[in-house]
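The residues making up each chain are set out below.
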Amino acid sequence: MKRRVLSIGGKSLVEYTYIFLVGYYMFSNENVINEIEKWKWMFFCIGVTATIFNVYMSIWSDTQQPLLHTTANYVSEWFMISSLLGTGKGYLNFNGKIAKYMSKRSYTFYIFHFIWVVLFQDLLYNVCSGNIMLLYILPVLFAYGATLLCCEICNRVSFLSFLR
């Protein structure tokens, strides 16, 4: 089995950094988010269709089509994330104490959260291997706690202020 360099929990850190930078560059523009909000249901339909095609190819297809499988996987990810962002913009755009607190830390939260989720899933895999629900819930809870702690550290340490 090929071991990836710069990986956390078997996931390539370089690949996810690239995806993060492309996503941040595109979605930092408010006009893009407004367009995504308008098209959220179309994106959802495309994402579900690509997901169904991807699952079909993974489970029931008799032939191996790695290019189609990879393409369906990325199309599914892209359109489902876009749909979630549009839905969040449309239905979860609140103003309140918690919303203001989280919006100030959203960039830092975005940077750190996935690294912690993957790390905690890797650490808890052997402990919770028989219980899928625990393997989902515990890493997410621990990761969000660790991410909020990182956000607060970055907010209070002066040389990390560029992450705010």
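Every chain is numbered on its own, with residues counted from 1 as its sequence reads. pLDDT decides what is reported in this predicted model: residues at 70 or higher carry local features, side-chain atom pairs at 80 or more are listed and counted, and totals for whole chains, interfaces and linings draw on all residues regardless. Computation of side-chain values covers all heavy atoms of the structure but excludes hydrogens and water.

1. Section: the overall build of the chain
Reasoning step 1: Helix numbering and strand numbering both begin at the N terminus, where a helix is a DSSP run of H or I of at least 4 residues and a strand a DSSP run of E of at least 2. Scanning the chain from N- to C-terminus turns up seven helices and two strands.
Reasoning step 2: Element order for the chain, N to C, with α for helix and β for strand: β-β-α-α-α-α-α-α-α.
Reasoning step 3: Along the longest, intermediate and shortest principal axes, the C-alpha atoms of the chain span 55 × 40 × 30 Å.
Reasoning step 4: When a residue's accessible area, from a 1.4 Å probe over protein chains only, is under 20% of the maximum for its type it is buried; when over 50% it is exposed; and in between it is partly exposed. A total of 164 residues make up the chain; the buried ones form 23% of that total.
Reasoning step 5: When contacts within the chain are restricted to residue pairs at least 6 apart in sequence, long-range pairs at least 24 apart make up 65% of them.
Reasoning step 6: Charge-centre separation for the chain: the mean point of 13 positive side chains lies 11 Å from the mean point of 8 negative side chains. We call two residues in contact whenever any of their non-hydrogen atoms come within 4.5 Å of each other. All tallies of charge rest on Lys and Arg as positive and Asp and Glu as negative; His and the ends of each chain are not included. Where a charge lies is defined by one atom per residue type, namely NZ (Lys), CZ (Arg), CG (Asp) and CD (Glu).

2. Some details on helix α6 (residues 106–124)
Along an α-helix, residues three or four positions apart point the same way, because every turn accommodates 3.6 residues.
Reasoning step 1: Residue count minus one, scaled by 1.5 Å, sets the expected span of a helix. With 19 residues, α6 should reach 27 Å at 1.5 Å per residue; the first-to-last C-alpha distance of 26 Å fits that figure.
Reasoning step 2: At any given residue, the bend is defined as the angle formed between two axes, one fitted to the seven residues that end at that position and one fitted to the seven that begin there. Residue Phe112 marks the point of greatest curvature in α6, where the axis turns by about 30 degrees.

3. Quick word on the packing of aromatic side chains
Reasoning step 1: Each aromatic pair joins two rings of Phe, Tyr and Trp (for Trp, the six-membered one) with centres within 6.5 Å, and gets the label stacked for planes under 30 degrees apart, edge-to-face for over 60, and tilted for any other angle. Counted according to the given criterion, the structure contains seven aromatic pairs.
Reasoning step 2: Centroid distance Phe27 to Trp78: 5.7 Å. Interplanar angle 25 degrees. Geometry classified as stacked. One end of the pair, Phe27, is in helix α1 (residues 13–27); the other, Trp78, is in helix α4 (residues 66–91), and 51 residues separate them in sequence.
Reasoning step 3: Here Phe27 falls in the buried class, since its relative accessible area comes to 18%.
Reasoning step 4: On the basis of an interplanar angle of 55 degrees and a centroid distance of 5.7 Å, the ring pair of Phe120 and Phe142 is categorised as tilted. One end of the pair, Phe120, is in helix α6; the other, Phe142, is in helix α7 (residues 132–156), and 22 residues separate them in sequence.
Reasoning step 5: The class of Phe120 is buried, set by a relative accessible area of 17%.

4. Let's talk about the pattern of salt bridges
Reasoning step 1: Here, a salt bridge means any side-chain nitrogen of Lys or Arg that lies within 4 Å of a carboxyl oxygen of Asp or Glu. Enumeration over the complete set of coordinates arrives at four salt bridges.
Reasoning step 2: Salt-bridge contacts for Lys38 lead to Glu35; the nearest nitrogen and oxygen are separated by 2.8 Å. With Lys38 and Glu35 both in helix α2 (residues 30–38) and three residues apart, the pair spans about one turn of that helix.
Reasoning step 3: A relative accessible area of 60% places Lys38 in the exposed class.

5. Section: the packing of α2 against α4
Reasoning step 1: Here, axes are lines fitted to C-alpha atoms. For helices the fit covers the stretch in contact, and angles between N-to-C directions go from 0 to 180 degrees. Following both chains from N to C, one finds α2 and α4 inclined at 95 degrees, their axes separated by 8 Å at the closest point. Viewed along their axes, α2 and α4 adopt a mutual orientation that is roughly perpendicular. Along the contact surface, α2 presents Glu30, Ile33, Asn34, Ile36 and Glu37, while α4 presents Ser82, Leu85, Gly86, Lys89 and Gly90.
Reasoning step 2: A per-class count over the contact of α2 with α4 returns three nonpolar, four polar and three charged. Note on terminology: angles under 35 degrees are roughly parallel, angles over 145 are roughly antiparallel, angles of 65 to 115 are roughly perpendicular, and the others are oblique. Lys, Arg, Asp and Glu make up the charged group, whereas Ala, Val, Leu, Ile, Met, Phe, Trp, Tyr, Cys and Pro make up the nonpolar group; the residues left over, Gly among them, are polar.

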